[in-house]
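# Close look at the chain arrangement
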Amino acid sequence: MKVLIINQNKSDNIGDKLLSKMLCERLNNLGVQTKELGFAQTKEQNVTYEKENSTRHFLNSVKKECPMFIKYLLNFGPKLRKQQRKVKMEEYEAIVIGGGQLIKHKSVFLYCLIYWAGIAKKYSVPFAFYGIGIDNNLTFAEKKLYKQVFSKAFFVNCRDMDSAQMVKSFFGIEAQVSPDIAFTYCPTQNSACNEKKKIDYLVMPYSYTTAQSAFGLSLLKIQYYDGIFKEMNIKEETRIVLAATTSSDAGECIQFKEYLSTKNVNAIINITSTAEELSNLFSDSEVIITGRMHAMIIAMLCGCKITPIRVSDKINTFEKDYLLSSKRTISNIKENAIKGVDTLFKSLQQFQI
């Protein structure tokens with residue numbers, strides 16, 4: 001059986017790449033051949049560490065004001081069509097879209113999703129959603145468009161109960177729920193083996209501009225930084241390392257390092273570009289401060305203490321479901337994550353030729 005996996009696996013987000021990798025690995029173990037495609041990206045992107053200059057900041061501001069549909073027409077749409085033409089759709093028995101926080105307010109991916117649903121219809125290839133998260137601030141128009149696509153899916157799985165409840169409320173569809181498949185990742189090192197950690201705080205500041213534009217963060221930047229700083233018990237010998245899972249967060253690391261210097265606090269930036277490099281870093285860290293869900297997942301797998309930067313409902317949900325829950329163990333979470341993909345596989349079998 002051949003299945004096309006469509007998500008953000010080519011983005012510069014280490015977490016998106018990890019979940020796609022683990023989803024494919026599990027399906028491969030069940031005898032499914034998989035091919036990954038970026039939602040619209042045609043080229044592999046990696047985390048880059050550079051400070052945003054004034055010109056780039058201006059261009060990014062202009063881009064943010066551009067309507068999403070125009071962005072799709074001028075940028076994402078042409079790339080998406082170019083990518084899709086290289087794929088022989090007749091070879092695939094199903095399409096799986098996800099996982100990740102794909103269903104978002106003011107997102108160009110809405111139009112990409114409509115495109116892929118059209119391709120699935122054109123070639124009579126059934127499609128499913130797997131491991132998705134949903135924003136709770138969708139507009140009436142967005143809900144209507146998303147509902148049209150969701151109504152055509154043969155299977156819907158969400159990575160948390162809050163998202164599943166929104167699928168039911170917004171689209172009238174019952175979704176299955178299972179932990180993010182990234183929980184099945186096996187870190188190369190286990191922090192339990194390191195009795196003496198070299199890093200007291202591994203800080204991963206979430207991009208301030210992204211938090212503003214995507215989640216309506218109302219704090220001033222200095223207030224945002226002060227909030228992160230208060231989570232650290234700084235002493236003379238405290239060892240602080242900064243890291244990121246996306247390029248936008250990497251740029252924030254550079255600015256946060258400058259902020260710390262005004263407090264006479266030294267920090268170094270550790271450049272990571274893969275989940276393996278990140279897990280190695282986590283294995284040597286006492287406390288992880290982050291606003292990224294997949295960073296928290298890897299930190300949990302490495303046995304680290306986690307302090308979330310609460311920039312979105314997604315992080316609040318993760319904290320409630322995993323960090324504050326005493327009922328869930330890592331082994332139990334992994335088992336349920338695997339069962340989720342197994343349920344998807346059983347649903348896929350109905351289309352096997």
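Presented here is an overview of the structure given in this document. (Residues numbered from 1 in each chain as written. Predicted model: local features only at pLDDT ≥ 70, side-chain atom pairs only at ≥ 80, totals over all residues. Heavy atoms only, no water.)

### Topic: the overall build of the protein chain
- Assigned secondary structure in the protein chain consists of 13 helices and twelve strands.
- The C-alpha atoms of the protein chain give 20 Å as radius of gyration, which agrees with the globular expectation for 353 residues (20 Å, within 12%).
- Along the first, second and third principal axes, the C-alpha set of the protein chain runs to 65 × 45 × 35 Å.
- Out of the 353 residues belonging to the protein chain, those deemed buried represent 52%.
- In the protein chain, once contacts between residues fewer than 6 apart in sequence are set aside, the share between residues at least 24 apart is 77%.
- With the model as given, the accessible surface of the protein chain reaches about 16700 Å², and the carbon-plus-sulfur share is 50%.
- Counting 47 positive and 35 negative side-chain charges, the protein chain places the centres of these two groups 6 Å from one another. (Helix = DSSP H or I, 4+ residues; strand = E, 2+ residues; numbered from the N terminus. Rg over C-alpha atoms; globule rule 2.2 N^0.38 Å. Buried < 20%, exposed > 50% of the residue type's maximum accessible area, 1.4 Å probe, protein only. Contact = heavy atoms within 4.5 Å. Areas by Shrake-Rupley, 256 points an atom, 1.4 Å probe, with all protein chains shown as cover. Lys, Arg positive; Asp, Glu negative; His and termini not counted. Charge placed at Lys NZ, Arg CZ, Asp CG, Glu CD.)

### Observations regarding the pattern of salt bridges
- Tallied over the entire structure, the rule returns 13 salt bridges.
- The salt bridge partner of Glu-319 is Arg-310, with a shortest N-O separation of 2.9 Å. (Salt bridge = Lys/Arg side-chain N within 4 Å of Asp/Glu carboxyl O.)

### Here's the deal with the state of the cysteines
- Under the criterion given, the structure shown has zero disulfides.
- Cysteine Cys-302 is unpaired, with the sulfur of Cys-304 as its nearest cysteine sulfur at 5.3 Å.
- The buried category is assigned to Cys-302, whose relative accessible area is 0%. (Disulfide = S-S within 2.5 Å.)

### Considering the environment of Lys-334
- Here Lys-334 is to be found in helix H13 (residues 330–348).
- Expressed as a C-alpha distance, the spacing of Lys-334 and Asn-270, which sit 64 residues apart in the sequence, is 29 Å.
- Contacts of Lys-334, omitting those with residues within four sequence positions, involve Phe-183, Thr-184, Tyr-185, Cys-186 and Leu-301.

### Comments concerning the packing of aromatic side chains
- According to the stated counting rule, one finds 22 aromatic pairs in the structure shown.
- Between Tyr-224 and Tyr-225, the aromatic rings sit 6.0 Å apart at their centres with planes inclined by 35°, giving tilted as the arrangement.
- Since its relative accessible area comes to 4%, Tyr-225 is described here as buried.
- Geometrically, the ring pair formed by Tyr-225 and Phe-256 is edge-to-face, given 5.2 Å between the ring centres and 80° between the ring planes. Taken together, the residues span a long stretch of sequence, with Tyr-225 in helix H8 (residues 221–230) and Phe-256 in helix H9 (residues 247–262) at a distance of 31 residues. The exposure classification of Tyr-225 matches that of Phe-256, with both residues buried.
- Put simply, the rings of Phe-127, Phe-129, Tyr-146, Phe-150, Phe-170 and Phe-171 touch in pairs and so form one group of aromatic residues. (Phe/Tyr/Trp six-rings, centres within 6.5 Å; stacked < 30°, edge-to-face > 60°.)

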